[in-house]
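An overview of the molecular structure
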Amino acid sequence: MITTLIHSELPRLTASLRKVAEQVLTDPAALARTSAADLGRRTGTSQATVTRFCQAIGLDSYQALLLELAKEQGQFAQEGFTRGQPLGPDIGPEDTLDQVIEVIAHADLQALRGTVERLDRDALERAARAVAKARRIDVYGVGASGVLAREAEARLFGIGCQARGWTEVHAAETSASLLTPADVAIALSHSGSTREVVSPLRLAAERGATTIAITSDQRSPAAQAASLHLVSTSGETSFRHGGFGARHSVLLIIDCLYARVAQLSYDRATASIALTAHIREEHAARGRRRT
């Protein structure tokens, strides 16, 4: 979804390009009746700035932007969100609970769709093949991404992969320093600039491990340090910014990676699942029967 992409790119845009982005997000439907020159005047910039904005978000021209916005408006109408009108990311103090739920759900659906559209299939396939045969798998993440690192560890470990999530930088760097070309390191960071994640990833790369970055910014230090990059998208709303807004899209990528790894190591994965299936049942609390 083009508006989701624009939201995710906002922090990385220059001041003039941000003015154009914010105007586009204010009323995407109105752009169908607005030329690039008019948009430049409205934002106090220029037609050339509008063109640079389009290029900054990966489009060839202003016409390509209008086409993407028209496609998105069509999806809104089909889905029936707020009777066909697009929802913004803001939640106001007077909004009803139903409005809050709709804004959150809409933002997450946009983020998931945007992630699927931007997901590099070749990079995901190469990542899955590397993980499936890896001797060891490190997953680095701190803060909100630290929770996701533990999620990735649990998924991969459950299908027989020797995976470990590292959420403390000294431990992460120690582990990274002991990796080999037979290993894989995965960095989780919404910005791709978190030092505690970038540092062990670079160490892993120096040791010859296959390095994978899951971030929202293809130009970030983590993406540049990795041999493979998978792009996440943020479903930001009021109270949910940065990594919190991107959590569902990162989980989608992790789940796709996990499922593909399970496919590629089918016998090991199914055997591991079968051997551990009894654990959940044994730890399930039984309700008391009423007499």
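Check the entry above for the structure.
In this text, all values refer to a predicted model and were calculated from it rather than measured experimentally.

Next up on the list: the pairing of strand β5 (residues 228–231). Burial along β5 is two-sided: Leu 228 and Leu 230 facing one way and His 229 and Val 231 facing the other are all buried. With 4 bridges joining them, strand β4 (residues 210–215) and β5 adopt parallel strand pairing. Looking at β5, one finds that Thr 215 is bridged to Val 231.

Bringing the pattern of salt bridges into the picture now. For the structure on display, the rule yields 12 salt bridges. Between Asp 217 and Arg 12 there is a salt bridge, and its shortest N-O distance comes to 3.3 Å. With Asp 217 in the loop between β4 and α11 (221–225) and Arg 12 in the loop between α1 (2–9) and α2 (15–26), this residue pair connects regions lying 205 residues apart in the sequence. Residue class for Asp 217 comes out buried when judged on its relative accessible area of 7%. Put simply, Arg 126 and Asp 122 hold a salt bridge, and the shortest N to O gap is 3.6 Å. Of this pair, Arg 126 and Asp 122 both sit in helix α7 (residues 121–133), 4 residues apart, roughly one helical turn. A residue is classified by how much of its surface remains accessible, and Arg 126, at 47% relative accessible area, is partly exposed. The network of salt bridges with shared partners includes Glu 125, Arg 129 and Arg 260.

Calculation rules
Residues numbered from 1 in each chain as written. Predicted model: local features only at pLDDT ≥ 70, side-chain atom pairs only at ≥ 80, totals over all residues. Heavy atoms only, no water. Buried < 20%, exposed > 50% of the residue type's maximum accessible area, 1.4 Å probe, protein only. Helix = DSSP H or I, 4+ residues; strand = E, 2+ residues; numbered from the N terminus. Pairing = 2+ DSSP bridges. Salt bridge = Lys/Arg side-chain N within 4 Å of Asp/Glu carboxyl O.

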